[in-house]
Every structure is written in structure tokens, then in C-alpha cells.
Amino acid sequence: MNDRTTTLDGPATDDTLTRPFEGASPYDTYVHASVLNTLQHPLTEAPDEMGFLVTTQVMELWFTLVVHEWRTAKVAFAKDDLPAAMDALVRSRRALTALGGAWAPIAALTPAQFNGFRAAFGRASGFQSAMYRHMEFLLGDKSAGLLRAHRGDPAVHEALAETYREPSLYDEVLAYLHRQGLPVPHHVRERDVTRPYDSDPGVAETWRHVYAGPQHHPHLALGELLTDIAELVTRWRFDHVLVVRRAMGAKPGSAGSAGLAWLEQRAARPVFPELWEVRGDV
């Protein structure tokens, strides 16, 4: 240690802060804020459309981060690296919490406010989000039909098809638990991973064994972290239902879906179902 105060240690001077950058600022070079801030193009004069666009774009960024963390966790589970997998899942939990809060700018739109710009969508709809579809596929909610809808964009379709063909995050969790000596059924471990995951009594028994064991065991901590993630995903889905119900009621969706009814059906699909089923058995 010494008594000298360096430029980094001391307070920035006005001269330091106002010195011109050579080209773009280092901040913009790293964050690309100038690019992000050019991506909002309202198509109407409705005052609420800008909030809708920004909210939707922010959600897409959170989807991207969640997908990144779940893929990181998958790789770690495949290597039997539970600490690295748990770290990635914890980071995804923070991102999911922020994702849920992203509804706030548009959560209270009245029907008149929403109708002020809804026609500008054309046939655009949130269910067409490829990154959200990556999230659902990673959760084990696979759908050949929803994959097929993206065929018109080859790069997007192939990237999504890869996620569709690979084991889900939950598949990797169960494979990890099996290698740790837990009785995950063979038919679950060898199942067709392009099929939607359905609850299995043998997997429920595996989690029942975990939850009946030591309450500070790492596998129980994993179960609780996965339950947190399942809850946050479910809350986001039901918040979506409420936002749509408040803004447009039971009208058909902009892309021709059943709108509210379709969202309610999707929201009711369980995430990591056995983790919920065994809680009454402990």
C-alpha cells in the first residue's frame, strides 16, 4: 500500500469525464446501446405502442439470457458438475424474476388503449417468438408443429430444430440423478426426447426419495431450485394471461389462435411435474 492516489483510485475530474472519445464511447462499443435504441419503430400514433414495443423487446433479451443459462446448466449436468449447473440455474432464476417484472409497463392497458395500436400487429403474435420456443423446448415442452411454423426462416428454424432434437434441461437433470445412483427409470432415460415430457411415476418416486432424505442434501437443493424455476415460468405465463384478459378479453389472437383460451391452456401445462406431485407425500 502507498499514500499516492492514482487516477483509478481517486474521483474523476470534469476533464476526465468530458474528454472526447475517439469514435464511439467504450460503453457503446461494449453494450451497443446505439443499436438497441434504433430498434423501436411504432407504426401508429398511439401513446402506448412504444411501451408495448420496448416491453416485448426487453422480454426477448431476458428469454435469450434464460436460454443461455439453461444451456450452460445442461452442459454442466452432462459433466456431473453440479456446482456449475446450480450456479447457472441460480442466474436463470434471477433472469426469470426480472422477466416477470417486465410486464409492468403494459400490465394495465385498457381495451381502448390496446386497440389504439393492435391493428398494426397484422398477424404478428407473441407465440411466434423463436427464443421463447427455445425456452419451452429446453423445459421439455416439445412441439413438432410449433417448430414447423418457423420453416420460412431457415437459420431460425435450424437453430430451433437443434434444441428440439436435443435432450431437454430436465432430461439432463434426470440423467445426472441416475448417474448419482438414484432410480430414474430406463424408459425415461431412453425416451424419444422430441416428444413432450409427461409425468412419470418412476421419476416421482425418484424425487420422493430425494425429499424424504437429508434436508440439506445437494439433490434436495437442486429440486428446490428447479421448483423455483418452474414457479417463475408458471407465474410469467399466468401474468401473460391476465395482461391479455385485461387488454382484450376473450377476442381471438392476432395470429388466428383462440387468444385467451390458448394462453390459458398453455399456462396450465406443468413444468417439472413430479416435483409438484411429491410435495404432498413427504
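Since the model is a prediction, treat every value here as computed from it, not as a measurement.

Visitor: How should I be thinking about the nonpolar core in this particular structure?
Guide: Inside soluble globular proteins, nonpolar side chains tend to come together where they are buried. Counting 64 residues, the largest nonpolar core has Trp-70, Phe-77, Leu-89, Trp-207, Leu-222 and Phe-272 as its most contacted members. Elements with a minimum of two residues in this core: α4 (49-78), α5 (82-101), α6 (111-118), α7 (130-138), α10 (169-179), α12 (201-212), α13 (218-248) and α14 (260-267). Take this core: its biggest share by element is 14 residues, from α13. If we ignore the near neighbours within four places in the chain, the residues touching Trp-207 are Tyr-170, Val-173, Leu-174, Leu-177, His-219, Leu-222, Gly-223, Leu-226, Glu-274, Leu-275 and Val-278. Counting five residues, the second largest nonpolar core, distinct from the first, contains Phe-137, Leu-147, Leu-160 and Tyr-164.

Visitor: Hey, could you run me through unusual backbone geometry in this one?
Guide: One can expect most non-glycine residues to show negative phi and most peptide bonds to be in trans. Of note in the backbone geometry, His-32 takes a positive phi value of approximately 60° without being a glycine. Looking at the secondary structure, you find His-32 in the loop between α2 (26-31) and α3 (33-36). The backbone of Phe-272 sits at a positive phi, close to 50°, despite the residue not being glycine. By secondary structure assignment, the location of Phe-272 is in the loop between α14 and α15 (273-277). Look at Phe-272 and you get buried, because its relative accessible area is 1%.

Visitor: Would you take a moment to explain the packing of aromatic side chains for this structure?
Guide: Two measures describe an aromatic ring pair: the distance that separates the ring centres and the angle between the ring planes. Scanning the entire structure with this criterion turns up 15 aromatic pairs. With 5.3 Å between their ring centres and 45° between their planes, Phe-63 and Tyr-132 make a pair best called tilted. Residue Phe-63 is located in helix α4, and its partner Tyr-132 is located in helix α7; the two are separated by 69 residues in the primary sequence. Residues Phe-77 and Tyr-176 carry aromatic rings whose centres are separated by 5.7 Å and whose planes lie at 50° to one another, so their mutual orientation is tilted. Highlighted residues: Phe-77 in helix α4 and Tyr-176 in helix α10, separated in sequence by 99 residues. By the burial criterion, Phe-77 is buried, and Tyr-176 matches it. Connected via pairs of aromatic rings, a cluster forms that spans Phe-52, Phe-114, Phe-117 and Phe-121. A cation over a ring is seen here: Lys-142 above Tyr-164, with NZ or CZ 5.9 Å from the ring centre.

What counts as what
- Residues numbered from 1 in each chain as written.
- Predicted model: local features only at pLDDT ≥ 70, side-chain atom pairs only at ≥ 80, totals over all residues.
- Heavy atoms only, no water.
- Core = buried A, V, L, I, M, F, W, Y, C linked by side-chain atoms within 4.5 Å.
- Buried < 20%, exposed > 50% of the residue type's maximum accessible area, 1.4 Å probe, protein only.
- Helix = DSSP H or I, 4+ residues; strand = E, 2+ residues; numbered from the N terminus.
- Contact = heavy atoms within 4.5 Å.
- Phe/Tyr/Trp six-rings, centres within 6.5 Å; stacked < 30°, edge-to-face > 60°.
- Lys NZ or Arg CZ within 6 Å of the ring centre and 35° of its normal.

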